[in-house]
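# Secondary and tertiary structure notes
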Amino acid sequence: MLNLSCHCGQVRLELEKRPDFIHECNCSLCQKSGAIWGYFQPSEVSVEGTTAVYNRSDKPEPGVSIRFCPRCGSTSHFEPTDAKIAKIGNSMVGVNMRLADERELSGVELRYPDGRAWLGEGEFSYAQESRIIGILKDR
């Protein structure tokens, strides 16, 4: 079990498990929010505290609503929008894994999807090779 919180502690998340992998996406939304995402079933995530919401306006039909702490501004998680749920169901919550202590994520694969080039459908391509958190490559 992992316990995460925003900077001020108003928003708290409890995860039943560690993520299988984490995405550090290079799209403008992920870059500017400072989030790296672990993906979970809604039943695996508990959120306490009040969050504010942001829906991007640069896409005709955004797929997720970004949640953040209204006090300290920390991005906490995302949930699919109603339109996305209508298309694919409510099968995923993204949690900002920057809220976790990196030591708790040791051994988890960090992937780098090329969100700038992604058209919104299909698989991601990757901007660089993945790495395992806590393991540094020889340089």
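This one's a predicted model, so the numbers in the text were calculated from it and none came from an experiment.

## Regarding the pattern of salt bridges
Two side chains with opposite charge may pair up if their charged atoms get near one another. All chains considered together, the criterion is met by six salt bridges. Put simply, Asp 20 and Lys 17 hold a salt bridge, and the shortest N to O gap is 3.5 Å. Asp 20 gets classed as exposed once you look at its relative accessible area, which sits at 61%. Between Arg 67 and Glu 79 there is a salt bridge, with its nearest N and O atoms 3.4 Å apart. Of this pair, Arg 67 sits in strand β7 (residues 64-68) while Glu 79 sits in strand β8 (residues 75-80), and the two are 12 residues apart along the sequence. On the accessibility criterion, Arg 67 (22% relative accessible area) is partly exposed. Given the relative accessible area of 29%, Glu 79 is considered partly exposed.

## Concerning the nonpolar core
By size, the foremost hydrophobic cluster in this structure holds 21 residues, and its most contacted members are Leu 15, Ile 22, Val 95 and Met 97. Secondary-structure elements contributing two or more residues to this core are β1 (2-5), β2 (12-15), β9 (93-96) and β10 (109-113). Ignoring anything within four residues of it in the chain, the contact list for Val 95 reads Leu 4, Leu 13, Leu 15, Ile 36, Trp 37, Gly 38, Phe 40, Val 45, Ser 76 and His 77.

## A word on the sheet that holds strand β3 (residues 21-23)
Pairing in this open sheet of eight strands is mixed, and the strands run β6-β7-β8-β9-β4-β3-β10-β11 from one edge to the other. Every other strand in the sheet has two partners, leaving β6 (52-54) and β11 (126-132) as the edge strands with one partner each. Here the strands of the sheet are splayed against their neighbours by 30 degrees on average, with no regard to which way each runs.

## Points about the sheet that holds β1
Taken in spatial order, the three strands of this open sheet run β1-β2-β5, and their pairing is antiparallel. Sheet topology places β1 and β5 (45-48) at the edges, where each strand pairs with a single neighbour. In this sheet, adjacent strand axes meet at a mean angle of 15 degrees when their direction is disregarded.

## So, the pairing of β9
Side chains of β9 alternate between two faces, with Val 93 and Val 95 and Gly 94 and Asn 96 buried alike. Pairing between strand β4 (residues 37-40) and β9: four bridges, direction antiparallel. Paired with Trp 37 across the two strands is Asn 96, which belongs to β9. Pairing between β8 and β9: two bridges, direction antiparallel. Paired with Phe 78 across the bridge in β9 is Gly 94.

## Observations concerning the packing of aromatic side chains
Considering all chains together, one arrives at three aromatic pairs under this definition. Centroid distance Phe 21 to Tyr 39: 5.8 Å. Interplanar angle 50 degrees. Geometry classified as tilted. Remark: Tyr 39 occurs in strand β4 and Phe 21 occurs in strand β3; sequence separation between them is 18 residues. Among the aromatic residues, ring-to-ring pairing joins Phe 21, Trp 37, Tyr 39 and Phe 78 into one connected group. It is Arg 111 that lies over the ring of Phe 21; its NZ or CZ is 3.8 Å from the centre.

Criteria and cut-off values
- Residues numbered from 1 in each chain as written.
- Predicted model: local features only at pLDDT ≥ 70, side-chain atom pairs only at ≥ 80, totals over all residues.
- Heavy atoms only, no water.
- Salt bridge = Lys/Arg side-chain N within 4 Å of Asp/Glu carboxyl O.
- Buried < 20%, exposed > 50% of the residue type's maximum accessible area, 1.4 Å probe, protein only.
- Helix = DSSP H or I, 4+ residues; strand = E, 2+ residues; numbered from the N terminus.
- Core = buried A, V, L, I, M, F, W, Y, C linked by side-chain atoms within 4.5 Å.
- Contact = heavy atoms within 4.5 Å.
- Pairing = 2+ DSSP bridges.
- Axes fitted to C-alpha atoms, helices over the stretch in contact; angles between N-to-C directions.
- Phe/Tyr/Trp six-rings, centres within 6.5 Å; stacked < 30°, edge-to-face > 60°.
- Lys NZ or Arg CZ within 6 Å of the ring centre and 35° of its normal.

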